[in-house]
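Each chain, written out:
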Amino acid sequence: MKKFLLVMLLSVAAVCTVRAENFSDINWGEKIAFYIPNRILDALDFVSVNLGVGPTVEARLMFTRYCDIGAGWSAGTAKAFKDYNRQYGAGVEEGWYWSAICVGEEEYRMTEATPMMDMYVERFAGVPNPLTRTYNFINGPRDFWAIGGSLGFILDGNLYVHPLELVDFVLGFFFIDLKEDDLTLDRF
């Protein structure tokens, strides 16, 4: 556990170093004006809850994708999402996966989605790779470092917490936007 926390801390430090902003380029008026809404949104980002119905069977317990145990199959489960990287809406997931600690195989996809959802296809066999587009830290549709689980038989539910979103939330109090997801005037 200590090694995992050390790796997570070093990863966050590396991302902070790469994303360090020149303080003279920061629009401080905008940062202050959106301070409270951004802290609320960052707090909401910490948890994902997805509920669905359809032909599905799955059971998964996950402590990051490296420590993932479970299996699942879906022939088109319609879901309501409050998901990673501020994805809100509905979509249809289908495919199959199995995983046993840090090896597995997956062919899973989001086939239809509302505009705020990111459609994706995930195919791999072996050890999951955190550097794929699907797990992109800033705008990927899935979180490689998520902790939680899924359970379903016709009715399907997922609950995940996102540790790096918690880091983004805490750093936000010091005007550091690790995830580059804070509201700005340009986003309107």
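Before reading further, recall that the structure is shown in the block above.
Basis of the calculations
Residues numbered from 1 in each chain as written. Predicted model: local features only at pLDDT ≥ 70, side-chain atom pairs only at ≥ 80, totals over all residues. Heavy atoms only, no water. Pairing = 2+ DSSP bridges. Helix = DSSP H or I, 4+ residues; strand = E, 2+ residues; numbered from the N terminus. Polar contact = N/O pair within 3.5 Å; in protein donor to acceptor, adjacent residues only side chain to side chain. Buried < 20%, exposed > 50% of the residue type's maximum accessible area, 1.4 Å probe, protein only. Arc of directions from axis to C-beta. Contact = heavy atoms within 4.5 Å. Disulfide = S-S within 2.5 Å. Salt bridge = Lys/Arg side-chain N within 4 Å of Asp/Glu carboxyl O.

Student: So what's going on with the pairing of strand 4 (residues 103-113)? Residues and values would help.
Tutor: Sheet analysis places strand 3 (residues 87-101) next to strand 4, joined by ten bridges and oriented antiparallel. Bridging across to strand 4, glycine 91 finds its partner in alanine 113. If you look at the hairpin formed by strand 3 and strand 4, you'll find one residue sitting between the two strands.

Student: Can you explain the side chain of serine 74? Please cite residues and give values.
Tutor: Its location among the elements puts serine 74 in strand 2 (residues 68-83). A distance of 3.2 Å separates a polar atom in the side chain of serine 74 from the backbone nitrogen of glycine 76.

Student: Go over helix 3 (residues 35-45) with me, naming the residues and quoting the values.
Tutor: Of the positions making up helix 3, those classed as buried are Asn38, Arg39, Asp42 and Asp45. Within helix 3, the buried residues cover an arc of 120° as seen down the axis, which keeps them to one side. Each element contacted by the buried residues of helix 3 is listed here: strand 1 (47-63), strand 2, strand 3 and helix 4 (163-172).

Student: Outline the state of the cysteines, supporting the account with residue identities and numerical values.
Tutor: Tallied over the entire structure, the rule returns zero disulfides. The cysteine cysteine 102 is free of any disulfide, with cysteine 67 supplying the nearest cysteine sulfur at 8.6 Å.

Student: Kindly report on the pattern of salt bridges, identifying the contributing residues and their values.
Tutor: Within this structure, the stated rule accounts for 14 salt bridges. The partner of arginine 39 in a salt bridge is aspartate 182, with the nearest N and O atoms 3.4 Å apart. Placement of the pair is arginine 39 in helix 3 and aspartate 182 in the segment after helix 4, with a sequence separation of 143 residues. Assigned by exposure class, arginine 39 and aspartate 182 land together as buried. Because the salt bridges share partners, they merge into one network encompassing Arg39, Asp42, Asp45, Arg86, Asp181 and Asp182.

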